[in-house]
Amino acid sequence: MAENFEEYIKNLDEFAKSALVETFNIGASHAATALSQMTGKEVNISVPNLRIVAIKNVPEVVGEDVKVAVYIELGKDFSSHAFFIADYDDALKMFDIMMGNPLGTTKEMDDLVKSSFMEMGNILISAFANALSEFLGITIEQSPPNLAIDFLPAILDFALADIGKYCDYTIILETKITISGVEFEEHFLLFPEPEDMEKILEKLMGGLA
């Protein structure tokens, strides 16, 4: 199964990728609406691109500096480790914009900043999961969110211990977030269980065919 899935995910065709991107953009739109209501700011979120990347190359793609990540474990009909990952400085800037502070006001991740960013990541990941759930008529359970601030390999370690035995590839969604006209380019990572991912893609492509 592992070898078959590795080939399957590595060679995912453009139609399958487009189906995933389309679904996640629905989630991104819902997340933007929720964040806009929460902050009172104009928020736009889109997923312009999806990449299948060897796990060993993820730091090269996402960046090798310190990151702030929100992690949620997905379960039931779609088991996956899901991460929303932002540059450390970007997380501080997002907080400043949402609080109406001049950019550069916030210098460190205190408890208030951490809580705010975790809620943002929670909304984004939940919106993506709900979009999949609603479109496919499946149940996706979600763990409470967790926050990590570290270099990417350390952040992803426990997910790799679980998923790495099945597959050496992961799904990276490039995520554009614009808050009050300021644009950020961050990343959403999925480390799905192989069997669930195959089922999801088959249902997804069947629904869009």
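Located above this text is the structure these notes cover.
Quick caveat: nothing in here was measured; it's all calculated off a predicted structure.

**Some thoughts on empty space enclosed by the protein**
So, step 1. Inspection of the entire model under this criterion finds 1 cavity of 30 Å³ or more.
So, step 2. Estimated volume of the largest cavity: approximately 30 Å³.
So, step 3. In terms of lining residues, the largest cavity is bounded by Phe24, Leu74, Phe78, Ile125, Phe128, Ala129, Leu132, Phe188 and Leu190.
So, step 4. Those elements giving two or more residues to the lining of the largest cavity turn out to be helix H5 (111–136) and strand E7 (182–192).
So, step 5. At 4 residues, the largest contribution of residues to the lining of the largest cavity is made by H5.

**Section: the packing of aromatic side chains**
So, step 1. Throughout the structure, instances matching the rule amount to 6 aromatic pairs.
So, step 2. An angle of 85 degrees between the planes, with centres 5.8 Å apart, marks the rings of Phe83 and Phe191 as edge-to-face. Taken as a pair, Phe83 in strand E3 (residues 80–87) and Phe191 in strand E7 lie far apart in primary sequence, 108 residues in all. Here Phe83 matches Phe191 in class, with each residue buried.
So, step 3. Here the aromatic rings of Phe128 and Phe188 are separated by 4.6 Å at their centres, their planes lie at 85 degrees, and the arrangement is edge-to-face. Residue Phe128 is found in helix H5, and its partner Phe188 is found in strand E7; the two are separated by 60 residues along the sequence.
So, step 4. By way of ring pairs, the aromatic residues Phe24, Phe128 and Phe188 are connected into one cluster.

**Considering the nonpolar core**
Inside soluble globular proteins, nonpolar side chains tend to come together where they are buried.
So, step 1. In this structure, Phe24, Ile45, Phe78 and Ile179 are the most contacted members of the largest nonpolar core, which totals 58 residues.
So, step 2. With residues up to four places along the chain from it excluded, the contact list for Phe24 reads Val47, Phe128, Leu132, Leu173, Phe188 and Leu190.
So, step 3. Grouped together as the second largest cluster of nonpolar side chains are 15 residues, Val53, Tyr71, Leu156 and Ile172 included.

**A short note on the pattern of salt bridges**
So, step 1. Applying the stated rule across the entire model yields 4 salt bridges.
So, step 2. Salt-bridge contacts for Lys67 lead to Asp65; the nearest nitrogen and oxygen are separated by 3.0 Å.
So, step 3. By relative accessible area, Lys67 is classed as buried at 1%.
So, step 4. Judged by relative accessible area, which is 41%, Asp65 ranks as partly exposed.
So, step 5. Overlapping salt bridges, with partners in common, bring together Asp65, Lys67 and Asp87 in one network.

**Quick notes on unusual backbone geometry**
So, step 1. The backbone of Lys76 sits at a positive phi, close to 70 degrees, despite the residue not being glycine.
So, step 2. A positive phi angle is found at Ser180, which is not glycine, with a value near 50 degrees.

**Points about H5**
So, step 1. In this model, H5 (26 residues) spans 37 Å end to end at C-alpha, consistent with the 38 Å of a helix rising 1.5 Å per residue.
So, step 2. The backbone nitrogen of Leu112 has a side-chain oxygen 3.1 Å away, supplied by the residue at the start of H5, namely Asp110.
So, step 3. Following H5 by one or two positions, Gly137 adopts a phi angle in the positive range, close to 65 degrees.

**Structural notes on the environment of Lys93**
So, step 1. Looking at the element boundaries, Lys93 is found in helix H4 (residues 88–99).
So, step 2. Along the backbone, Lys93 and Val182 are 89 residues apart, and their C-alpha atoms lie at a distance of 9.3 Å.

Calculation notes
Residues numbered from 1 in each chain as written. Predicted model: local features only at pLDDT ≥ 70, side-chain atom pairs only at ≥ 80, totals over all residues. Heavy atoms only, no water. 1 Å grid on protein atoms, 1.4 Å probe; cavity = no way out; pocket = protein on both sides within 12 Å on 5 of 7 lines; lining within 4 Å. Points joined across faces, edges and corners; volume = space filled by probe spheres on them. Helix = DSSP H or I, 4+ residues; strand = E, 2+ residues; numbered from the N terminus. Phe/Tyr/Trp six-rings, centres within 6.5 Å; stacked < 30°, edge-to-face > 60°. Buried < 20%, exposed > 50% of the residue type's maximum accessible area, 1.4 Å probe, protein only. Core = buried A, V, L, I, M, F, W, Y, C linked by side-chain atoms within 4.5 Å. Contact = heavy atoms within 4.5 Å. Salt bridge = Lys/Arg side-chain N within 4 Å of Asp/Glu carboxyl O. Expected span 1.5 Å × (residues − 1). Polar contact = N/O pair within 3.5 Å; in protein donor to acceptor, adjacent residues only side chain to side chain.

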